[in-house]
Each structure stands twice: as structure tokens, then as C-alpha cells.
Amino acid sequence: MKLIISHMLLILLALSACSQADSQASDKQPEQNAVLNNPDYVLLKNNCFACHNPNSNSHDEMLAPPLAGIKMRYMKDYGNRQEFIDAMAGFASNPTKEAAKMQGPVRRFGLMPKPVVEKEELMKIVAFIYDNELEKPDWFDEHHEKMGKN
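First things first, this report covers the structure right here in the doc. Not measured: the values here are computed from a predicted model. (Residues numbered from 1 in each chain as written. Predicted model: local features only at pLDDT ≥ 70, side-chain atom pairs only at ≥ 80, totals over all residues. Heavy atoms only, no water.)

**Thoughts on the overall build of the protein chain**
Right, on to step 1. In terms of regular secondary structure, the protein chain is built from eight helices and zero strands.
Right, on to step 2. Its helices and strands in sequence order give the protein chain the pattern α-α-α-α-α-α-α-α, from N to C terminus.
Right, on to step 3. The buried share of the protein chain, reckoned over its 150 residues, is 33%.
Right, on to step 4. Here the analysis covers contacts within the protein chain between residues at least 6 apart in sequence; of these, 65% occur between residues at least 24 apart.
Right, on to step 5. When the accessible surface of the protein chain is summed, it comes to about 9,500 Å², and 55% of that surface belongs to carbon and sulfur atoms. (Helix = DSSP H or I, 4+ residues; strand = E, 2+ residues; numbered from the N terminus. Buried < 20%, exposed > 50% of the residue type's maximum accessible area, 1.4 Å probe, protein only. Contact = heavy atoms within 4.5 Å. Areas by Shrake-Rupley, 256 points an atom, 1.4 Å probe, with all protein chains shown as cover.)

Take a look at the structure:
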């Protein structure tokens, strides 16, 4: 029963993330709309925002850390695009506690499940993350500063 309820919650959160992102997209500048219509952004939104929702109202609403924070951490450790993509895609394709760069979020949220995407799609998602500025929750900067981590 708990499994059914948690799956229903994830579905509702995914639908909420999609509808919030879609409604906010119309308010953005044309160049931002071009990014939002990018097929790799659509992959990211459809496969990652259920847990990494940049439109969450608070840190307590999150099911996983914001992708903007994850990107910051990987950018700190990997000096170039290919290293970043290989490392992030490698972790996401086979998440383990030992390989996790962010132990605090693993303790708080648990280890992420393996994504249900093909390797090629995962590589496109991670490349999009590297190549683009990501949406951040409104509370992110204050929370990040308070945590004093990067």
C-alpha cells in the first residue's frame, strides 16, 4: 500500500512540475522559450523534474536536490565538458552511495533510482545540464548560502 501511495505521489509531483514549467514558459523571453522547446530540455523535464523540480516552493517539498546544486558540485570537480558528462551520466546510470558526490542529499533523500532512459538520452540530458543555465527554485540561493557548500 505504501508503494502505491508513493508512486501516486511521484506521478502527481511530475504532473505538477510539468504544468508549472509550461505555465511559466509563456512568461519567458524568446531565447528562453527556445531553450524550453529544445528536445533535450524536454527529456530533462520529463525524466528529472518529478524529483528535481526547480519550481518547488521550499527545500522541504523536494524529493531530491535541485539540479542547479548538483551541477554546481560537478562543475567544481570536473574541469571540462566531457569529464563532467562522463561523471554525472556514470553516476546517474548506476547510482551508488560510494560514488555519490553529495553525501548530505543522499542521507536526506536517499539514493536516486536508476533513470528509465536509454544511455543516449541520459547523455543528452547531462550535456544539456552542462551547456545551459538551469532553473533554480526561488529559495535555492539562500539555502545554498546557509549550507555554505558548493
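From this point, things continue past the structure.
**Quick look at the packing of aromatic side chains**
Right, on to step 1. In total, this model carries five aromatic pairs according to the counting rule given.
Right, on to step 2. Taken together through their ring pairs, the aromatic side chains of Tyr74, Tyr78, Phe84 and Tyr130 make up a single cluster. (Phe/Tyr/Trp six-rings, centres within 6.5 Å; stacked < 30°, edge-to-face > 60°.)

**Regarding the environment of Met75**
Right, on to step 1. Mapping Met75 onto the fold places it in helix H4 (residues 67–77).
Right, on to step 2. Residues within four places of Met75 in sequence aside, it is in contact with Phe84 and Tyr130.

**Section: the packing of H4 against helix H5 (residues 81–93)**
Right, on to step 1. Two numbers describe how H4 lies on H5: the axes approach to 10 Å, and their chain directions differ by 125 degrees. On the basis of the axis angle, H4 is oblique to H5. In this structure, the crossing between H4 and H5 has a hand that is right-handed. Contacts between H4 and H5 involve Ile70, Lys71, Tyr74 and Met75 from the first element and Phe84, Ala87, Met88 and Phe91 from the second.
Right, on to step 2. Looking at side-chain class alone, the contact of H4 with H5 contains seven nonpolar, no polar and one charged residues. (Axes fitted to C-alpha atoms, helices over the stretch in contact; angles between N-to-C directions. Parallel < 35°, antiparallel > 145°, perpendicular 65-115°, else oblique. Left-handed = near helix turned anticlockwise from the far one by under 90°. Nonpolar A, V, L, I, M, F, W, Y, C, P; charged D, E, K, R; others polar.)

**Side note on H4**
Right, on to step 1. All of the buried residues in H4 are Leu67, Ala68, Gly69, Ile70, Lys71, Arg73 and Tyr74.
Right, on to step 2. Packed against the buried residues of H4 are helix H3 (39–48), H5, helix H7 (119–131) and helix H8 (140–147).

**Some details on the nonpolar core**
Right, on to step 1. With 28 residues, the main nonpolar core has Leu44, Leu67 and Ile129 as its most contacted residues.
Right, on to step 2. Every residue in contact with Ile129, bar those within four places of it in the chain, is listed here: Leu44, Leu67, Lys71, Phe84, Met88 and Leu134. (Core = buried A, V, L, I, M, F, W, Y, C linked by side-chain atoms within 4.5 Å.)

**Points about the packing of H3 against H7**
Right, on to step 1. Direction vectors running N to C along H3 and H7 enclose 105 degrees, while the axes themselves pass 9 Å from each other. In terms of axis orientation, H3 runs roughly perpendicular to H7. For the pair H3 and H7, the contacting residues are Asp40, Tyr41, Leu43, Leu44, Asn47 and Cys48 in the first and Glu121, Lys124, Ile125, Phe128 and Ile129 in the second.

**Here we look at the pattern of salt bridges**
Right, on to step 1. Applying the stated criterion across every chain, the model contains six salt bridges.
Right, on to step 2. A salt bridge links Asp141 to Lys136, with the nearest nitrogen and oxygen atoms 2.9 Å apart.
Right, on to step 3. Take Asp141: its relative accessible area is 46%, and that puts it in the partly exposed class.
Right, on to step 4. Its relative accessible area of 36% is what places Lys136 among the partly exposed residues.
Right, on to step 5. Residues joined in a network through salt bridges with shared partners are Arg73, Asp77 and Lys101. (Salt bridge = Lys/Arg side-chain N within 4 Å of Asp/Glu carboxyl O.)

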